[in-house]
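Letter by letter, the chains look like this.
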Amino acid sequence: MKADKACIDVAAGRAPADLVFKNVNVVNVFSEEIITADVAVAGGVIAGVGSYRGRTELDCTDKFLCPGFIDAHIHIESSLAAPFEFARAATRSGTTTIVDHMAFGPKGCSLWHQVEEYHRLADGKAVIDYGFHGVLQHVNGQILREMGEIADREGITSFKAYL
């Protein structure tokens, strides 16, 4: 509650922001406009876009600020890069979230096999947010049950079937 009040005070101009990006070109992906403004950050979140003062101010004249991009269907294994290196490269172009299309596991394996393997590769090492897109190479009762389990436990609700 205290953090929310502090953010509201910054947004209303009653308190200085922790950080202000001054004179930055803000990309509005909804209106398809680019406006020059200050962007105020308080408590690690954007408090407002307009005219602000802050404890730290960065002159961003001729710079652009845009929301993080989401790449909703990638194939890290096709890039031949390690997941960590792929993610580092993606951030350079503004990508902050990826949804990786998992590769096939061993023939006849459980769906959990690839979920666990991909978590092993990413957990604690990722420099961006990530999710997974499931892949089916065969279907039976066990696989159908696992799809429900994975949706419930992992939030993976997208599966591509190669049958």
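Provided above is the structure to which this section pertains.
Residues numbered from 1 in each chain as written. Predicted model: local features only at pLDDT ≥ 70, side-chain atom pairs only at ≥ 80, totals over all residues. Heavy atoms only, no water.

I'd like to hear about the overall build of the protein chain, residue by residue, with values.
Counting its regular elements, the protein chain contains five helices and nine strands. A globule of 163 residues ought to have a C-alpha radius of gyration of about 15 Å, yet the protein chain, at 21 Å, is considerably larger. The buried share of the protein chain, reckoned over its 163 residues, is 31%. Pairs at least 24 residues apart make up 67% of the contacts formed inside the protein chain by residues separated by at least 6 positions. Roughly 10200 Å² of accessible area belongs to the protein chain as shown, and the carbon and sulfur atoms make up 57% of that amount. The positive charge centre, built from 15 side chains, and the negative charge centre, built from 21, are 4 Å apart in the protein chain. (Helix = DSSP H or I, 4+ residues; strand = E, 2+ residues; numbered from the N terminus. Rg over C-alpha atoms; globule rule 2.2 N^0.38 Å. Buried < 20%, exposed > 50% of the residue type's maximum accessible area, 1.4 Å probe, protein only. Contact = heavy atoms within 4.5 Å. Areas by Shrake-Rupley, 256 points an atom, 1.4 Å probe, with all protein chains shown as cover. Lys, Arg positive; Asp, Glu negative; His and termini not counted. Charge placed at Lys NZ, Arg CZ, Asp CG, Glu CD.)

Provide a residue-level description of the packing of helix α4 (residues 111-122) against helix α5 (residues 141-154), including the pertinent values.
Look at α4 against α5: their axes get within 9 Å of each other, and the N-to-C directions meet at 35°. Two secondary-structure elements touch here, α4 through L111, W112, V115 and H119 and α5 through I143, E146, M147, E149, I150, R153 and E154. Split by residue class, the contact of α4 with α5 holds six nonpolar, one polar and four charged. (Axes fitted to C-alpha atoms, helices over the stretch in contact; angles between N-to-C directions. Nonpolar A, V, L, I, M, F, W, Y, C, P; charged D, E, K, R; others polar.)

Pulling in residues and values, what's your account of α5?
Relative to the 20 Å expected for 14 residues at 1.5 Å per residue, α5 spans 19 Å between its end C-alpha atoms, a close match to the ideal helical length. For α5, every residue scored as buried is listed here: I143, E146 and I150. Seen along its axis, α5 keeps its buried residues to an arc of 55°; they face one direction. Exposed residues lying more than 90 degrees from the buried face of α5 are L144, R145 and D152. Turning to α5, the residues buried within the fold contact α4, β8 (129-136) and β9 (159-161). The distance from a side-chain oxygen at the start of α5 to the backbone nitrogen of Q142 is 3.0 Å, and the residue carrying that oxygen is N140. (Expected span 1.5 Å × (residues − 1). Arc of directions from axis to C-beta. Polar contact = N/O pair within 3.5 Å; in protein donor to acceptor, adjacent residues only side chain to side chain.)

Which residues make up the pattern of salt bridges, and what values go with them?
In this structure the tally under the stated criterion is five salt bridges. Its salt-bridge partner being D9, residue K5 comes within 3.0 Å of it at the nearest N-O pair. Taken together, the residues K5 and D9, both in helix α1 (residues 2-11) and four residues apart, mark about one turn of the helix. Since its relative accessible area comes to 15%, D9 is described here as buried. Ionic pairing is found between R120 and E117, a salt bridge with its closest N-O pair at 2.7 Å. Separated by three residues within a single helix, R120 and E117 lie in helix α4, roughly one turn from each other. Note on E117: relative accessible area 27%, which makes it partly exposed. (Salt bridge = Lys/Arg side-chain N within 4 Å of Asp/Glu carboxyl O.)

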